[in-house]
Each structure stands twice: as structure tokens, then as C-alpha cells.
Amino acid sequence: MSDSPHVSPEKSLDSLILHATDNAVARITLNRPETMNALTWDQRERVIGLLAEASADPDVRAVVITGTGRGFCAGADLRGGPSAGDRVPGDVARTIRLGAQRLVSAVLDCEKPVIAAVNGTAAGIGAHLAFACDLVLAADSARFIEVFVRRGLVPDGGGAYLLPRLIGPQRAKELMFFGDALAAADAERFGLVNRVVLPEELEKTAREWAERLATGPTRALALTKQLVNASLDSDRATAFAAEAAAQEINMTTADANEGVASFVERRDPKYRGR
């Protein structure tokens, strides 16, 4: 839903959304722990921009999204948004379309694999931000909350699209109808989380996974991500045609040639992301 358009004047945007690249891994850290990393308009735009930059930068080959403090992301910061009396028809739909949905789409469309390292509570759009990522690691203290029903709202930010595809419609409805907090262990059992780790192991595990991805065949990973995401909305003929076309494209890359050559030569491949 609506969110406040500006950060507080005493804190710069760069201090609220930390960004660093090391060993070909771009790390995006939500850093407003006093609000459990609820996202304002400009913070969200910053994350969207960083994901677009990661897609276009050949020196970035994997992305990690995480948070500081007790929260991964508590959703959209609703403070400072227009009151019901100030809205005109179309405002809400436009806000969601240009806001939360763009954030989730930026993760889904990023051409590099994106890992969510969920350090704490992920609620509302914060949960959907995590679920949109390609791989999800969670501290055992993390929780996921479809908080919308508690506020009398319909799930937005792609929730009704993502959740049924990840865990099926019955489980999705259970989470969305009741709005109960889902513990990390249960999220792993449902299939929403790849692995649950101790809080002190989260950063290390995320770094290891990301660096492993960053040494892989980057374009092959991007095409694989596109195929898997598209397959959920495709019939078999369309999916098979897309698969064949993707492999045709992939075989023009240096990494594909290196992969085949290393197999023939019985050595480990050295991928360069090209």
C-alpha cells in the first residue's frame, strides 16, 4: 500500500540502504533497524535501482539482500501516506503497481541470482521480497508474516502470485487468511526457505552461497532463472521451445565453451561470467 515518500533528513539514503560489491557479489542491506527495515518510497526505489545495476554490470555475478537488527523487512512504511479522504480513484492501484509490484519484479527480473538472507521478521511486502528471491536463507529466529489480513487489506506486492506457485493454493490461503507468523523452520518445511541456520551463521552461509554462484556460468544461470520462472505460467510446448532457444543462446557464450572444453579435457572449468 502507500508509503512515505522521503527518508528522514538526518539520515542519507546511502546509510539506509547499504551497498557493497566484493568477489563479484553485490550485497544490498536494509539498514533502518529502528523500524525493522520498513521501506519508504525512496528506499524502495534505491533497491530497485541497485538490482537493475546488478543486472547490467558484468562484474556483478550474484546478489544478496539482507537487513540489520531484528527485522529483515517489516513491509512498506505506511507513515506519511495520503489519508482515505485524500485519495482519488486509481491512486491505490497506481501506488501498488508502481511501488511494491515493481520491487518484486526487480528481483524476479534481475539477471543475476538473488539470495535473501532473512535475519529477522519479514512481513507483508518484506515477506514477498524474500519469496521473490531465487534462494532463501533464514536465521532460525526469522519469521514470515502475511500481515495484510490483520490490517483488513488484500495481499499486494505479488503475494497472491508468488505463494501459490511456491507452496500451492491451500497453504497460501492458510497463511493469507489467518496472517499468523510462520517460524523459519515451518517456512523451510513448507518450501519457502532453502535452509535455516543459526543467526551467527547466516552471513557466512549467504556469503559462501553467493560466492559459489559468482564463480558459475553467469549467463547460463540467468537463462535458467528465466526458464524456471516462466515455466510456472507456460504450457509444455511453450516451455520446451523456450528451453531450446535458451540453450541456443547460451551456447554462444564463452562460459558454455569453457564448460564443454573443461569436460573434454577433464579439468575444472574456470567461468568468467561472459
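So, a few notes on the structure that sits alongside this text. (Residues numbered from 1 in each chain as written. Predicted model: local features only at pLDDT ≥ 70, side-chain atom pairs only at ≥ 80, totals over all residues. Heavy atoms only, no water.)

**Concerning the side chain of Thr-121**
Right, on to step 1. Secondary-structure assignment places Thr-121 in strand β6 (residues 121-123).
Right, on to step 2. Apart from the residues within four sequence positions on either side, Thr-121 is in contact with Met-36, Arg-70, Gly-71, Phe-72, Cys-73, Arg-143 and Ile-145. (Helix = DSSP H or I, 4+ residues; strand = E, 2+ residues; numbered from the N terminus. Contact = heavy atoms within 4.5 Å.)

**Considering a positive patch on the surface**
Right, on to step 1. Together, Arg-70, Arg-143, Arg-150 and Arg-151 make up a region of like positive charge exposed at the surface.
Right, on to step 2. Here Arg-150 lies in the loop between β8 (143-145) and α6 (159-167).
Right, on to step 3. Relative accessible area serves as the criterion here: at 45%, Arg-150 is assigned to the partly exposed category. (Patch = residues over 30% accessible without salt bridge, like charges linked within 9 Å, V, L, I, M, F, W, Y side chains within 5 Å. Areas by Shrake-Rupley, 256 points an atom, 1.4 Å probe, with all protein chains shown as cover. Salt bridge = Lys/Arg side-chain N within 4 Å of Asp/Glu carboxyl O. Lys, Arg positive; Asp, Glu negative; His and termini not counted. Charge placed at Lys NZ, Arg CZ, Asp CG, Glu CD. Buried < 20%, exposed > 50% of the residue type's maximum accessible area, 1.4 Å probe, protein only.)

**Regarding the nonpolar core**
Right, on to step 1. Leu-51, Val-63, Ile-65, Phe-72, Val-118 and Phe-144 are the most contacted members of the largest nonpolar core, which has 48 residues in total.
Right, on to step 2. No other element matches helix α5 (residues 125-132), which puts six residues into this core.
Right, on to step 3. The next biggest cluster of nonpolar side chains, apart from the first, holds 14 residues, and it includes Leu-202, Ala-206, Ala-210 and Ala-214. (Core = buried A, V, L, I, M, F, W, Y, C linked by side-chain atoms within 4.5 Å.)

**Re the pairing of strand β1 (residues 17-22)**
Right, on to step 1. Where β1 meets strand β2 (residues 25-30), six bridges bridge the pair, whose relative direction is antiparallel. Bridging across to β2, Asp-22 finds its partner in Val-25. (Pairing = 2+ DSSP bridges.)

**Topic: the environment of Gly-273**
Right, on to step 1. Relative to the helices and strands, Gly-273 resides in the segment after α12 (254-264).
Right, on to step 2. A relative accessible area of 12% places Gly-273 in the buried class.
Right, on to step 3. Residues Gly-273 and Asp-255, 18 residues apart in the sequence, show an inter-C-alpha distance of 6.6 Å.
Right, on to step 4. With residues near it in sequence (within four places) discarded, Gly-273 still touches Arg-61, Thr-218 and Asp-255.

**Considerations on the sheet that holds β6**
Right, on to step 1. Taken in spatial order, the four strands line up as β4-β6-β8-β9 in an open sheet, and their pairing is mixed. Single-partner strands in this sheet number two, and they are β4 (71-73) and β9 (181-183). Ignoring strand direction, the axes of neighbouring strands in this sheet form an average angle of 25°.
Right, on to step 2. Bridging between β8 and β9 involves three bridges; their strand directions are antiparallel. Across the sheet, residue Arg-143 finds its bridge partner in β9, namely Ala-183.
Right, on to step 3. Of the strands in this sheet, β4, β6 and β8 touch α5, which is tilted by about 100° from β6. (Axes fitted to C-alpha atoms, helices over the stretch in contact; angles between N-to-C directions.)

**Overview of the layout of surface pockets**
Right, on to step 1. In this structure, the largest pocket encloses a volume near 540 Å³.
Right, on to step 2. Every element with two or more residues in the lining of the largest pocket is listed here: α4 (100-109), α5, β7 (135-139), α6 and α10 (218-231).
Right, on to step 3. If one sorts the elements of the lining of the largest pocket by residue count, α10 sits on top with six residues.
Right, on to step 4. For the lining of the largest pocket, a count of residues per class yields 15 nonpolar, five polar and five charged. (1 Å grid on protein atoms, 1.4 Å probe; cavity = no way out; pocket = protein on both sides within 12 Å on 5 of 7 lines; lining within 4 Å. Points joined across faces, edges and corners; volume = space filled by probe spheres on them. Nonpolar A, V, L, I, M, F, W, Y, C, P; charged D, E, K, R; others polar.)

Nothing here speaks to function; it is geometry throughout.
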